[in-house]
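Here are the chains, one letter per residue:
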Amino acid sequence: MATADENAAQEFSSLVASHRPQIFRFLLASTRDVDLAETLTQECFLKAHRNWSSFRGESSAMTWLMRIAINLQKDHWRNRRIQFWRRTRNNSVDLDEASEWLPSGESSAEQGVLAKERVGQVWKAVEGLSERQRTVFLLRYVEEQELSEIAQATGLREGTVKAHLSRAVARVRTELGGTR
Amino acid sequence: MRFKDKFGGKQARLEGQTEDETLDPMLEQALVEFRSSVLAWSDAAYQRSRTVLAASPRRQVWRLAAGWALGCALLAGGVSGGLNVRHHRQEMARIAAAHEAEQRRLVAEQRAREEEDLLAKVDSDVSREVPSAMEPLAQLMAEDETR
């Protein structure tokens, strides 16, 4: 007969299996650094594991995990700003490299080139966003979360989320409009 | 095609799309492509990291073996170092004891010599202080000895 601890461990394992790719994706899009995203993902699940017993299910597990990931990411940027002189090398891939990844659904080479160009422009706009705007934008348009979920994950009010999102979208629009 | 229509399973979620978020077709298209691009990149990177992790047990075995070897070497070094230190301390204590004994012997010898010298001096002083009436006899004895 399985003990309560074993059940909890099993539950947590299935949580990792089902949510890890999504957490990794969000952190990768936020940092544009594969190694860093992998490290932060591991930290996120380590933290989640330590606090799993205190998770009451008031929000979905995904929202809870996303909140941990957002905080880890915030801490990382904060530490990096403080220690910027210690680490001059930046592992983030450049925008061109990030824009290379396209699904193979383009019907022609020309369309592919245009799509790559548009993706690059969105990346450029995302790069220019504030940390909060970027987080909200990625949660909405990459993770496709609802505004209420974003509000829970970020700890912001829904109105604030809307405002950040609106500014982020405006910036992307401007960036895209520049080449029309 | 609207952004919300592009992803069948997500339609209900994006019903919550606000009026503020009304997107023009070009922006919508760009966001769809952006999302697809991030997904493709993330999937590839995730697979890569999984592959690296899957390939890692062999490396872990090597790491484990290397760790054990290093641990054993450190332990052996520590033990032999400890023994060496102990041996060195014992040797130092032995040398110190020998040195102290030698010092004591030298001091004792010195004292003995000093005492002998003192006695000799006393003898000499006593012999010189013989009464003057006996002086001629003492001189004779000295002459006799030189012969």
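## Topic: the packing of helix α6 (residues 131-141) of chain A against helix α8 (residues 158-177) of chain A
Residues and elements named next belong to chain A.
Now for step 1: Contact geometry of α6 with α8 gives a least axis separation of 8 Å together with a crossing angle of 85°. By the criterion of interaxial angle, the relationship of α6 to α8 is roughly perpendicular. For the pair α6 and α8, the contacting residues are Arg132, Gln133, Val136, Phe137, Arg140 and Tyr141 in the first and Val161, His164, Leu165, Arg167, Ala168, Val169 and Val172 in the second.
Now for step 2: When grouped by side-chain class, the residues that make up the contact of α6 with α8 number eight nonpolar, two polar and three charged.

## Comments concerning the pattern of salt bridges
Residue and element names in this part refer to chain B.
Now for step 1: Counted under the stated rule, the structure contains eleven salt bridges over all chains.
Now for step 2: Residue Arg94 is joined to Glu91 by a salt bridge in which the shortest nitrogen-to-oxygen separation is 2.8 Å. Within this pair, Arg94 and its partner Glu91 are both found in helix α3 (residues 25-128), separated by three residues, close to a single helical turn.
Now for step 3: Glu91 sits in the partly exposed class, given a relative accessible area of 29%.
Now for step 4: Connected through salt bridges with shared partners, the residues Glu102, Arg105 and Glu109 form a single ionic network.

## Overview of the packing of aromatic side chains
Residues and elements named next belong to chain A.
Now for step 1: Applying the stated rule across the entire model yields nine aromatic pairs over all chains.
Now for step 2: For the ring pair Phe12 and Trp52, a centre distance of 5.6 Å and an interplane angle of 65° mean the geometry is edge-to-face. In this pair, Phe12 sits in helix α1 (residues 4-31) while Trp52 sits in the loop between α2 (34-51) and α3 (61-82), placing the two residues 40 residues apart along the sequence.
Now for step 3: Looking at Phe12, the relative accessible area reads 7%, which means it is buried.

## Side note on the nonpolar core
Now for step 1: Counting 59 residues, the largest nonpolar core has Ile23(A), Leu65(A), Met66(A), Trp123(A), Phe137(A) and Phe34(B) as the members making the most contacts within it.
Now for step 2: The residues contacting Met66(A), other than those within four sequence positions of it, are Ile23(A), Phe26(A), Leu139(A), Glu143(A), Gln145(A) and Ala153(A).

## What to know about unusual backbone geometry
Now for step 1: Positive phi, normally seen in glycine, also occurs at Arg32(A), with a value near 55°.
Now for step 2: The exposure class of Arg32(A) is buried, given its relative accessible area of 12%.

## Some words on the confidence of the model for chain B
Segments scoring low in pLDDT should not have their predicted coordinates read at a detailed level.
Residues and elements named next belong to chain B.
Now for step 1: When pLDDT is averaged along chain B, the result is 74, and 66% of the positions lie at 70 or above.
Now for step 2: In the model of chain B, helix α2 (residues 11-14) stands out as the element of lowest mean pLDDT, 41, in contrast to α3, which has the highest, 81.
Now for step 3: Contacts of residues 1-15 to residues separated by more than four positions or lying in other chains number 29 contacts, the stretch itself having pLDDT below 50.
Now for step 4: For this predicted complex, the interface confidence reaches an ipTM of 0.85, while the overall pTM sits at 0.62.

## Here we look at the side chain of Thr154(A)
All names here are of chain A.
Now for step 1: Secondary-structure assignment places Thr154 in helix α7 (residues 147-154).
Now for step 2: Polar side-chain contacts of Thr154 include one of 2.6 Å to the backbone oxygen of Ile150.
Now for step 3: Ignoring sequence-local partners within four residues, the contact set of Thr154 consists of Ile70, Thr135, Leu139 and Val161.

## Some words on the confidence of the model for chain A
Now for step 1: Averaged over every residue, the pLDDT of chain A is 85; residues scoring 70 or more account for 84%.
Now for step 2: For the stretch residues 85-89 of chain A, pLDDT sits under 50, and the model shows two contacts to residues farther than four places along the chain or on other chains.

## Quick notes on the packing of helix α5 (residues 109-127) of chain A against α8(A)
Residue and element names in this part refer to chain A.
Now for step 1: For the pair α5 and α8, interaxial distance at closest approach is 9 Å and the crossing angle is 135°. On the basis of the axis angle, α5 is oblique to α8. As α5 runs across α8, the sense of the crossing is right-handed. Here Arg118, Gln121, Val122, Lys124 and Ala125 of α5 lie close against α8, whose contacting residues are Arg171, Val172, Glu175 and Leu176.
Now for step 2: Per-class residue counts for the contact of α5 with α8 are four nonpolar, one polar and four charged.

## Remarks on the environment of Leu138(A)
Now for step 1: Along the chain, the position of Leu138(A) falls in helix α6.
Now for step 2: Residue Leu138(A) is classed as buried on the basis of its relative accessible area of 1%.
Now for step 3: The spatial distance from the C-alpha of Leu138(A) to the C-alpha of Leu165(A) is 9.5 Å, given a sequence separation of 27 residues.
Now for step 4: Dropping the residues within four chain positions of it, Leu138(A) is found in contact with Phe26(A), Ala29(A), Ser30(A), Glu143(A) and Phe34(B).

The rules behind the values
- The numbering scheme is per chain: residues are counted from 1 as the chain's sequence reads.
- Chains and ligands are labelled sequentially in the order written, the chains with letters from A and the ligands with numbers from 1.
- Predicted model: local features are reported for residues with pLDDT of at least 70 only, side-chain atom pairs are reported and counted for 80 or more only, and whole-chain, interface and lining totals are derived from all residues.
- The side-chain figures draw on all heavy atoms in the structure; neither hydrogens nor water molecules are used.
- Axes here refer to lines fitted to C-alpha atoms; in helices the fit is confined to the stretch in contact. Angles between the N-to-C directions go from 0 to 180 degrees.
- Secondary structure elements are taken from DSSP: a helix is a run of H or I of four residues or more, a strand is a run of E of two residues or more, and numbering for both begins at the N terminus.
- What sets the label is the angle itself: under 35 degrees gives roughly parallel, over 145 gives roughly antiparallel, 65 to 115 gives roughly perpendicular, and the rest give oblique.
- Whether two residues touch is decided by their heavy atoms; if any such pair falls within 4.5 Å, the residues are in contact.
- Residue type decides the class: Asp, Glu, Lys and Arg count as charged, Ala, Val, Leu, Ile, Met, Phe, Trp, Tyr, Cys and Pro as nonpolar, and the leftover types, Gly among them, as polar.
- Take a side-chain nitrogen of Lys or Arg and a carboxyl oxygen of Asp or Glu: if they are within 4 Å of each other, that pair is a salt bridge.
- Here the term buried applies to any residue with accessible area under 20% of the maximum for its type, exposed to any over 50%, and partly exposed to those in between, with areas from a 1.4 Å probe on protein chains only.
- Only the six-membered ring of Trp is used, alongside the rings of Phe and Tyr, when aromatic pairs are assigned; centres must lie within 6.5 Å, and planes under 30 degrees apart are stacked while those over 60 apart are edge-to-face, with the rest tilted.
- Among buried residues, the Ala, Val, Leu, Ile, Met, Phe, Trp, Tyr and Cys ones that are joined through side-chain atoms within 4.5 Å form a nonpolar core.
- Note: pLDDT gives the predictor's confidence per residue, expressed from 0 to 100.
- Definition of a polar contact: a pair of N or O atoms within 3.5 Å, with one able to donate and the other able to accept a hydrogen when the atoms are protein atoms, and with sequence-neighbouring residues admitted only if both atoms are side-chain atoms.
- Put simply, a crossing is left-handed when the front helix is turned counterclockwise from the back one by less than a right angle, and right-handed when it is turned clockwise.

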